[in-house]
Amino acid sequence: VTTTSSPHAAERTGRHVPGEEGLWVFVLGDMVVFALFFATVVVTSVHHPAAVSQSQDQLHVSLGLGNTVILLLGSLLAIHGTNKARRGLAAATWCFGATALCGVAFAAIKVTEYAMLLETGVTPGQNPFFINYFVFTFIHLAHLVIGVALMVILSVVTRAPSTEPRRLRLVEVGAVYWHMVDLLWLILFPLLYLVRQ
Amino acid sequence: MSRRTQITCASFAFIFPLLALGGMLLGHFLPPIDPGLTADQTAAFYREHSTSIRAGMVFLMFAGGAWVPLSALMVAHIHRMEGGSFTPLAWISAFGGCLNSLGIVLPALIMATAAYRPEADADVIRLASDLGWIFYIMNVTPALMQAISFGAATLNDRSATPLFPRWLGYFNLWAAFAFFFGFLVCMFKSGPFAWNGLLAFWLVVVVFCSWAMLMAVMFIKVAKNVEEGATKA
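Criteria and cut-off values
Residues numbered from 1 in each chain as written. Chains lettered and ligands numbered in written order. Predicted model: local features only at pLDDT ≥ 70, side-chain atom pairs only at ≥ 80, totals over all residues. Heavy atoms only, no water. 1 Å grid on protein atoms, 1.4 Å probe; cavity = no way out; pocket = protein on both sides within 12 Å on 5 of 7 lines; lining within 4 Å. Points joined across faces, edges and corners; volume = space filled by probe spheres on them. Helix = DSSP H or I, 4+ residues; strand = E, 2+ residues; numbered from the N terminus. Nonpolar A, V, L, I, M, F, W, Y, C, P; charged D, E, K, R; others polar. Patch = residues over 30% accessible without salt bridge, like charges linked within 9 Å, V, L, I, M, F, W, Y side chains within 5 Å. Areas by Shrake-Rupley, 256 points an atom, 1.4 Å probe, with all protein chains shown as cover. Salt bridge = Lys/Arg side-chain N within 4 Å of Asp/Glu carboxyl O. Buried < 20%, exposed > 50% of the residue type's maximum accessible area, 1.4 Å probe, protein only. Contact = heavy atoms within 4.5 Å. Buried area = accessible area lost by both parts, 1.4 Å probe. pLDDT = per-residue confidence, 0-100. Phe/Tyr/Trp six-rings, centres within 6.5 Å; stacked < 30°, edge-to-face > 60°. Core = buried A, V, L, I, M, F, W, Y, C linked by side-chain atoms within 4.5 Å. Axes fitted to C-alpha atoms, helices over the stretch in contact; angles between N-to-C directions. Parallel < 35°, antiparallel > 145°, perpendicular 65-115°, else oblique. Left-handed = near helix turned anticlockwise from the far one by under 90°.

Caption draft 1: Structural view of empty space enclosed by the protein. Residues and elements named next belong to chain B. All told, the structure shown has one cavity of 30 Å³ or more when counted by the stated rule. Volume-wise, the largest cavity comes out at about 360 Å³. Lining the largest cavity are 22 residues, with Ile104, Tyr136, Val204, Val205 and Phe208 sitting closest to its centre. Of all the secondary-structure elements, those providing two or more residues to the lining of the largest cavity are α1 (3-26), α4 (88-114), α5 (122-138), α6 (141-155) and α8 (198-232). Examining the composition of the lining of the largest cavity, we find that six residues originate from one element, α8, more than from any other. Tallied by class, residues from the lining of the largest cavity come to 19 nonpolar, three polar and no charged.

Next comes the structure, spelled out in structure tokens:
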């Protein structure tokens, strides 16, 4: 138990689980549920090929792509922040703050996209594709909001330089969660926007 | 709390799925009735299975009661982990446990009502059926309250030797995420988010029963330590 809760002790042994072992129960479980979402998207496009490709034409691929870049940028900043926090540098606080801003930008673009779709007369229950699109991207967005909250917390707790193990663990838990949200979008985006029947 | 009481309370987690799933099987509710059926088709289903639905709903109602002892044990553990007498998470869990029990009892009563008068109008029978199913599946907040409060208490346990592993806290947070999708059933009549769908029904049922039984196993494992801790104090 002590090796997992103290990253420095674990580094010496060469085996360090990012965050803590228990966190991965959540991360892997979450990804299993999202795997069901992905399967649902694929099954829908097999059963309703015409409705799906027609609906896909109404999506804004450029906005989805922009959001992908923003999330990846956020992940890069989170990595920088984690490295700085591990060395006990106060600069970590800016990295996590910037990651949170990336999340806010993602959410703003996503909400704009919803508004643009609804304005053109699309409704969430219109056909199976749009049900999937709205429900799954909204659940992803809810994950992202939690990620932004975590980044704000990390930004606050890393203001003062310190390498206290409990704080480092919190930093790693937040960073792992952010990467998970990023990774899920990296699969959701091509499945919904790009993959054609 | 004596070890025997703890184990008895925890054991209800194994009786619960027997009563709940057994009652639903008996009532021809596994898999659930299709929400896309017409009023006449729905009414025909309730008329044909009138007796077995009412019998099944008796079991489902008692499943709601069987949920209480396990919930009480969760509350007691959260109370212990929070320490002292100022324990808001334990209260959240207690309210969640009450509401969750009611959230199982109430739909059982409503669906028994739907099957009570086979001669009633088809529209009336379908309304009662819809009420029962939407009450049953859409009402996810009590389970979220129970899982999140336990997860938060486990991850915030600052005692020198916590009884529960930290992964159990994370597992509870994940379970809350898996329970979440039930709320969508009022939006859909087919697909994964309808009340007979993969994500709103099957995922929730499987995770809910597994979560209850996992919690029971963990509670039984630590029952001895809790009893010793209590006698020491």
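Caption draft 2: Representation of a nonpolar patch on the surface within the structure. All names here are of chain B. Taken together, the side chains of Trp91, Phe95, Leu99, Leu102, Leu106, Leu109, Leu127, Leu131 and Phe135 make up a nonpolar region of the molecular surface, amounting to roughly 850 Å² of accessible area. Listed by contribution, the elements that provide at least two residues to the nonpolar patch are α4 and α5. Top element by residues in the nonpolar patch is α4. It accounts for six residues. Tracing the backbone through its elements, the reader meets Phe95 in helix α4. Judged by relative accessible area, Phe95 falls into the partly exposed class, the value being 48%.

Caption draft 3: Seen up close, the interface of chain A and chain B. Contacts between chain A and chain B engage 20 residues on the former and 16 residues on the latter. Together, the buried faces of chain A and chain B total about 1700 Å²; carbon and sulfur atoms form 81% of this surface. Of all residues in chain A, A:Val25, A:Phe26 and A:Val33 give up the largest surface area on contact with chain B, accounting jointly for 26% of the area buried on that side. The tally of links between chain A and chain B comes to one salt bridge. Of the charged contacts in the structure, one is a salt bridge between B:Arg166 and A:Glu20, with a shortest N-O distance of 2.4 Å.

Caption draft 4: Spatial organisation of the confidence of the model for chain A. Of all residues in chain A, 92% attain a pLDDT of 70 or more, and the chain-wide mean is 90. Note on residues 1-7 of chain A: pLDDT is under 50 here. Beyond four places in sequence and across chains, it has 10 contacts.

Caption draft 5: Fine view of the packing of aromatic side chains. Evaluation of the coordinates by the stated rule reveals 42 aromatic pairs over all chains. Pairwise contacts between aromatic rings join A:Phe34, A:Phe37, A:Phe38, A:Phe136, B:Phe177, B:Phe180, B:Phe181, B:Phe183, B:Phe188 and B:Phe193 into one cluster.

Caption draft 6: Broad picture of the nonpolar core. Formed by 128 residues in total, the largest nonpolar core has its most connected members in A:Tyr133, B:Tyr46, B:Trp133, B:Phe179 and B:Trp211. Top contributing element to this core by residue count: α8(B), with 16 residues. When residues no more than four places from it in sequence are discounted, the contact partners of A:Tyr133 are A:Leu59, A:Lys110, A:Glu113, A:Tyr114, A:Leu117, A:Phe138, A:Leu192 and A:Tyr193.

Caption draft 7: Seen up close, the environment of A:Leu77. All names here are of chain A. Take Leu77: it is sitting in helix α5 (residues 61-86). In the structure, Leu77 is positioned 18 residues away from Cys95 in sequence and 5.4 Å away in space, judged by C-alpha atoms. Once you skip the residues sitting within four places of it in the chain, Leu77 turns out to touch Cys95, Ala98, Thr99 and Cys102.

Caption draft 8: Structural context of the layout of surface pockets. Its boundaries defined by the atoms lining it, the largest pocket holds a volume of some 840 Å³. If you trace the largest pocket, you find 26 residues lining it, with A:Ile146, A:Leu150, B:Leu155, B:Tyr170 and B:Leu173 closest to the centre. Broken down by secondary-structure element, the contributors of at least two residues to the lining of the largest pocket are α3 (23-47), α7 (128-157) and α8 (165-194) of chain A together with α6 and α7 (166-179) of chain B.

Caption draft 9: Geometry of the confidence of the model for chain B. Residues at a pLDDT of 70 or more form 98% of chain B, whose mean pLDDT is 94. With a pTM of 0.89, the predicted complex shows an ipTM of 0.83.

Caption draft 10: Local environment of the packing of helix α6 (residues 92-119) of chain A against α7(A). All names here are of chain A. Interaxial distance between α6 and α7 falls to 9 Å at its minimum, and their mutual angle equals 155°. Relative to α7, the element α6 lies roughly antiparallel. With respect to the hand of their crossing, α6 and α7 are arranged in left-handed fashion. A per-class count over the contact of α6 with α7 returns 18 nonpolar, seven polar and two charged.

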